[in-house]
Amino acid sequence: MSRPVKAKQLLEEYGRTHAEEAGIRLRNTPAPLYQLLTLCVLFSVPIKADIAVAAARELFGAGMRTPRAMAASSWQDRVDALGRAHYRRYDESTATALGAGAELLVDRYRGDLRRLREEADGDPDRIRELLQELPRIGPVGADIFCREAQGVWPELRPAFDGRARHGAAELGLPKTPEGLARLVSAEDLPRLAAALVRVELTRGAVDELRHAG
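Cut-offs applied
Residues numbered from 1 in each chain as written. Predicted model: local features only at pLDDT ≥ 70, side-chain atom pairs only at ≥ 80, totals over all residues. Heavy atoms only, no water. Helix = DSSP H or I, 4+ residues; strand = E, 2+ residues; numbered from the N terminus. Expected span 1.5 Å × (residues − 1). Buried < 20%, exposed > 50% of the residue type's maximum accessible area, 1.4 Å probe, protein only. Arc of directions from axis to C-beta. Salt bridge = Lys/Arg side-chain N within 4 Å of Asp/Glu carboxyl O.

(A) Layout of helix α4 (residues 49–61). Between its first and last C-alpha, α4 extends 18 Å over 13 residues, near the 18 Å set by a 1.5 Å rise per residue. Three or more residues of α4 are buried, namely A52, V53, A55, A56, L59 and F60. Relative to the axis of α4, the buried residues are bounded by an arc of 155 degrees and lie together on one face. Along α4, exposed side chains directed more than 90 degrees from the buried face belong to D50 and G61.

(B) Here's a closer look at the pattern of salt bridges. By the definition in use, this model includes eleven salt bridges. For R198, the salt bridge identified is with E21, shortest N-O distance 3.1 Å. Remark: E21 occurs in helix α2 (residues 18–21) and R198 occurs in helix α13 (residues 189–201); sequence separation between them is 177 residues. A salt bridge links E119 to R108; the nearest nitrogen and oxygen atoms lie 2.7 Å apart. In this pair, E119 sits in helix α8 (residues 113–120) while R108 sits in helix α7 (residues 91–109), placing the two residues eleven residues apart along the sequence. Under the relative-accessibility criterion, R108 is labelled partly exposed at 37%.

(C) Quick peek at unusual backbone geometry. Here R157 and P158 are connected by a cis peptide whose omega angle stands at -10 degrees. Here P158 lies in the loop between α10 (139–149) and α11 (162–170). Here the phi dihedral of D121 falls at roughly 55 degrees; this positive angle occurs in a residue that is not glycine. Assignment of secondary structure puts D121 in the loop between α8 and α9 (124–131). Although it is not a glycine, R136 adopts a positive phi angle of roughly 75 degrees. Position of R136 relative to the elements: it lies in the loop between α9 and α10.

Below, the structure written as structure tokens:
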């Protein structure tokens, strides 16, 4: 199987982003960008992806879709929403982190992550650094944000973190972000990155795709 065909198959079978799973219609506007950040906070502990996504849906369904709404919610409301998604063990600390992070975003960026982008002045590394100044966002959370946000923030392209590149190597695809970016259109970069991570985490996926080729 040629590399472009393999990339197409990846997109078809595994190319659903975490934002899509959480019901986030990602655009370069404050609310969906914050919802993506919330999802990254939820992913920043050792917990199953489907539980993190379910937790995001519960928070958004309870009205916590913007930094101001999150900051205005009670700690117990956040804990309860996480509990409904079975986001156990980390529910209390995550509820605290979400509240503190929302307050910081309101105070420093007026609740708009585009202001963080402006402060970084188009530097992807600086964007990652500023993201990691938010509670509970470490390198993994920053990578997830950039992986998904590259669809709306072009300066992040191509964003393929170590896990995505490892998945690519397992499939015989290019090992560099630049090489991977040549396989799909710019708008499909978030989906390709998500697919490679999902393949890397899914038992038997690599063999299945190899055999299909």
